[in-house]
Amino acid sequence: MENIEKGNLLTTGKAKSLYESNNPDFLVMHYRDDTSAFDGKKIESLDGKGTINNKFNGFIMEYLESEGIATHFVELINETDSLVKRLDMAPVECVVRNVAAGSICKRLGLEEGIDLNPPTFEFFYKDDDLGDPMINEYHIKSFGWATEEQVEQMQVKTFEVNTALKKLFSNSGMILVDYKLEFGDYKGELLLGDEFTPDGCRVWDVETREKLDKDRFRQGLGDVVESYQIMAKRLGVI
Ligand code: ADP
Ligand code: UDP
């Protein structure tokens, strides 16, 4: 895309900032080094995280497009910025889990590491003040957060992403444990939005089961950005 100019700041999230561009259909997504966990209660700036996440996301989004999954990603602009289609976001998070970890273990009293076969799906309502509560598809429809068709599509697309990415990670010696996706409407079409980066998924080494994702930050394991880089190198992102 030629002659894209970064315009006014539109929103500042916990890890990314969105800017308008000179084209009303496109936004500039800026990946910051800010890292947060526990609904924003633990915050740190990690040198180089914005750069690695921007590249990681671009690689995954292009891979998903090649697998037939439509996304908002247009192109990388520079080290920390990407051009994306401007979406009307559904305020929900779609989570698929192949292996039990994180909140499902607490909620259901499970041991971390149990295989979930078939993989399971959860919706969460995006609201930090409420701690992103788990919801079901009836809540989404009753509160008008998305239509019935969009709810159906979010589930189908999130599982399509699972098929594509489980294979990609496993071919590089990694297990895709779980991940979170967000979707939004672009001129009547539901597109995968937001990001797919080590901030929003869990990935373990297949042999050692070492954690390579944001759990390193959540659990104070150290080498957070270094682990994101290891994941990226194995996939061929960098
Ligand atoms: P959060 O505070 O939600 O963790 P981030 O720092 O990830 O947020 O900020 C990104 C924000 O931009 C989120 O609110 C997300 O829903 C929104 N968003 C992601 N992709 C798009 C898009 N293509 N168009 C409009 N908004 C988007
Ligand atoms: N996740 C996310 N943003 C959120 C909540 C979860 O990206 O606001 C991701 C998280 O990184 C993990 C998956 O979604 O890969 C499932 O998260 P979980 O419900 O276990 O919550 P957590 O205990 O990680 O907060």
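Residues numbered from 1 in each chain as written. Chains lettered and ligands numbered in written order. Predicted model: local features only at pLDDT ≥ 70, side-chain atom pairs only at ≥ 80, totals over all residues. Heavy atoms only, no water.

**So, the overall build of the chain**
So, point 1. Summing up its helical and strand segments, the chain has 6 helices and 15 strands in all.
So, point 2. Whereas a compact globule of 238 residues would reach a radius of gyration of roughly 18 Å, the chain reaches 17 Å, a difference of no more than 12%.
So, point 3. With respect to the principal axes defined by its C-alpha atoms, the chain has extents near 50 × 40 × 35 Å.
So, point 4. Considering the chain as a whole, with its 238 residues, one finds that 50% of them fall into the buried category.
So, point 5. Relative to all contacts within the chain whose residues are 6 or more apart in sequence, the contacts with residues 24 or more apart total 56%.
So, point 6. Accessible area of the chain: about 11,400 Å², with a carbon and sulfur share of 47%.
So, point 7. Side-chain charges in the chain split into 28 positive and 44 negative, and the spacing between the mean points of these groups amounts to 3 Å. (Helix = DSSP H or I, 4+ residues; strand = E, 2+ residues; numbered from the N terminus. Rg over C-alpha atoms; globule rule 2.2 N^0.38 Å. Buried < 20%, exposed > 50% of the residue type's maximum accessible area, 1.4 Å probe, protein only. Contact = heavy atoms within 4.5 Å. Areas by Shrake-Rupley, 256 points an atom, 1.4 Å probe, with all protein chains shown as cover. Lys, Arg positive; Asp, Glu negative; His and termini not counted. Charge placed at Lys NZ, Arg CZ, Asp CG, Glu CD.)

**Points about helix 6 (residues 224–235)**
So, point 1. The end-to-end C-alpha distance of helix 6 is 17 Å, a good match for the 16 Å that 12 residues give at a rise of 1.5 Å each.
So, point 2. Buried positions along helix 6 lie against helix 1 (49–66), helix 4 (148–170), strand 12 (174–181), strand 15 (201–205) and helix 5 (215–218). (Expected span 1.5 Å × (residues − 1).)

**Quick look at the sheet that holds strand 14 (residues 189–192)**
So, point 1. Spatial strand order, 8-13-14: 3 strands in an open sheet with antiparallel pairing. Where the open sheet ends on each side, the last strands, each with one partner, are strand 8 (88–89) and strand 14.
So, point 2. Across 4 bridges, strand 13 (residues 183–186) lies against strand 14 in antiparallel orientation. Its bridge partner being in strand 14, D185 is matched across the sheet by L190.
So, point 3. Along the sheet, helix 4 contacts strand 13 and strand 14; its crossing angle with strand 14, the most-contacted strand, is approximately 35°. (Pairing = 2+ DSSP bridges. Axes fitted to C-alpha atoms, helices over the stretch in contact; angles between N-to-C directions.)

**As for the site of ligand 1**
So, point 1. The environment of ligand 1 is formed by 17 residues, the closest being A15, K16, H72, K126 and E182.
So, point 2. Here a nitrogen atom of ligand 1 sits 2.8 Å away from a polar atom, N or O, in the main chain of K85.
So, point 3. In this structure, L87 approaches ligand 1 through a main-chain N or O atom, which is 3.0 Å from a nitrogen atom.
So, point 4. Of all elements in the fold, only strand 2 (16–21), strand 3 (26–31) and strand 7 (81–85) reach the threshold of two or more residues within the shell around ligand 1.
So, point 5. Looking at the shell around ligand 1, its residues break down into 7 nonpolar, 2 polar and 8 charged. (Near = heavy atom within 4 Å. Polar contact = N/O pair within 3.5 Å; in protein donor to acceptor, adjacent residues only side chain to side chain. Nonpolar A, V, L, I, M, F, W, Y, C, P; charged D, E, K, R; others polar.)

**Side note on the site of ligand 2**
So, point 1. Near ligand 2 there are 16 residues, and of these R97, S103, D178, R202 and R218 occur at the shortest range.
So, point 2. One of the side-chain N or O atoms of R202 is found 2.7 Å from an oxygen atom in ligand 2.
So, point 3. Within the contact set of ligand 2, an oxygen atom lies 2.8 Å away from a side-chain nitrogen or oxygen of R218.
So, point 4. Among the secondary structure elements, those contributing two or more residues to the shell around ligand 2 are strand 9 (92–99), strand 12 and strand 15.
So, point 5. When the residues that make up the shell around ligand 2 are grouped by side-chain class, the tally is 5 nonpolar, 3 polar and 8 charged.

**Some thoughts on unusual backbone geometry**
So, point 1. Of note, the bond from N117 into P118 is cis; its omega dihedral lies within 30 degrees of zero at 5°.
So, point 2. Along the chain, P118 falls in strand 10 (residues 115–125).
So, point 3. Despite not being glycine, D132 has its phi angle at roughly 45°, a positive value.
So, point 4. Examined against the element boundaries, D132 turns out to sit in the loop between strand 10 and strand 11 (134–135).

**Details of the pairing of strand 13**
So, point 1. Where strand 8 lies against strand 13, 2 bridges are found, and the strand directions are antiparallel. Counterpart to D88 in the pairing with strand 13 is D185.
So, point 2. Hairpin connection of strand 13 to strand 14: 2 residues between the antiparallel strands, including K187 at a positive phi of 50°.

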